[in-house]
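These are the residues of each chain, in order.
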Amino acid sequence: MGLSVADVDEKLIRIFAEQIFHTGFVHADPHPGNVFVQRGQDNKAQLVLLDHGLYEQLDKKDRVSLCKFWRAVVLKEENNMKKYAAALGVEDYFTFAEMLMQRPLNLKARRGMHLKTRLSSVEMMYMQKMAQLQFEKIMTILKELPRPMLLVFRNINTIRSINRDLGMPVDRYTLMARCSIGGTEETLHKKSLISRSKAAWERFMFDFSLRTDKVMTWLFTTYIKILQYLGRAPKDLGVLKSYMTQA
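Remember, it's a predicted structure, so these values are computed and weren't measured experimentally. In this numbering scheme, every chain counts its residues from 1 along its sequence in written order. The predicted origin of the model limits local features to residues at a pLDDT of at least 70 and limits the giving and counting of side-chain atom pairs to 80 or more, whereas totals for whole chains, interfaces and linings rest on all residues. Computation of side-chain values covers all heavy atoms of the structure but excludes hydrogens and water.

Caption draft 1: Looking closely at helix α4 (residues 93-101). The buried fraction of α4 amounts to 8 of the 9 residues, a majority that puts the element mostly inside the structure. Each residue's exposure class comes from its accessible area (1.4 Å probe, protein chains only) as a fraction of the maximum for that residue type: buried when under 20%, exposed when over 50%, partly exposed otherwise. Each helix is a run of H or I in the DSSP string that is no shorter than four residues. Each strand is a run of E no shorter than two, and both are numbered from the N terminus. Those residues of α4 lying buried are Y93, T95, F96, A97, E98, M99, L100 and M101.

Okay, here's the thing in structure tokens:
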């Protein structure tokens, strides 16, 4: 069809992120067979969702708590992670964050070291091992969550899988993070100018943090690749990264 894979992937992620974080009306079976891609009038990809038999409506309180939890994970605000995980009925906020993000989380590491587009082999092994060793913790969390949230997990995992199969042409984590903060601002037009100004500033700082994360990740990766080229760093970048983030 001559369409951009990155454009298709970005629109797919945005569609479902908007459902999760903004409307709370979530299509819970977004496998590739339920997404029809066609060329729009602007000659770009146009996505049509099919099979509307399985939807879930998130309670507004739960949806906003999820948005704020996601924001807290990105900003590494541990107290807010605890607060909003508890609002969803979850006690083990750390394991919950790793389940939601589908990657290792290091709250002590510098920013830019935990929200990458791709997982290293070490990180993939860690997540597989975590799923095996912490099965009871994971099941406890799933039981603690409001029932509609289980289909949200299914949605997120399916989109992650599609993004991976497409070669990860876009940064899913940044796109979803930006949608998550937008989900807490839908009533701002009813609030005072001071409240709207404060929210605008927080959004700016949040976006700045995301951009800083991406720049720091790129600088770190480039630096290590140069060391590898010069023979002064191990070939397995995942091992070195794991060592650096634990320091």
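Caption draft 2: Representation of the nonpolar core. We define a nonpolar core as any set of buried Ala, Val, Leu, Ile, Met, Phe, Trp, Tyr and Cys residues linked to one another through side-chain atoms lying within 4.5 Å. Counting 50 residues, the largest nonpolar core has F21, F69, W70 and F96 as its most contacted members. Elements supplying a minimum of two residues to this core: α1 (5-23), β3 (45-49), α2 (60-75), α3 (78-87), α4, α6 (135-144), α7 (148-165) and α8 (172-182). Top element by residues in this core is α2. It accounts for 8 residues.

Caption draft 3: Local environment of the environment of D59. On the secondary structure map, D59 appears in the loop between β4 (55-57) and α2. Taking relative accessible area as the criterion, D59 reaches 41% and is therefore assigned partly exposed. Separated by 89 residues in the primary sequence, D59 and P148 have C-alpha atoms spaced 8.4 Å apart. Each polar contact in these results corresponds to two N or O atoms within 3.5 Å; when the atoms are within protein, one needs to be able to donate a hydrogen and the other to accept it, and residues that are neighboring in sequence are counted only if both atoms are side-chain atoms. A polar contact is formed between the side chain of D59 and the backbone nitrogen of K61, at a distance of 3.0 Å.

Caption draft 4: Looking closely at the pairing of β3. Every second residue of β3 is oriented toward a common face, the buried set being A45, L47 and L49 and the non-buried set Q46 and V48. Sheet topology note: the strand β2 (residues 35-39)/β3 ladder contains 5 bridges and is antiparallel. Across the sheet, the residue bridging to R39 is A45, located in β3. Taking the residues that link successive antiparallel strands as the turn, the β2-β3 hairpin has 5 residues, and the phi of N43 there is positive, at about 65 degrees. Here a strand pair is declared whenever DSSP counts at least two bridges between the two strands.

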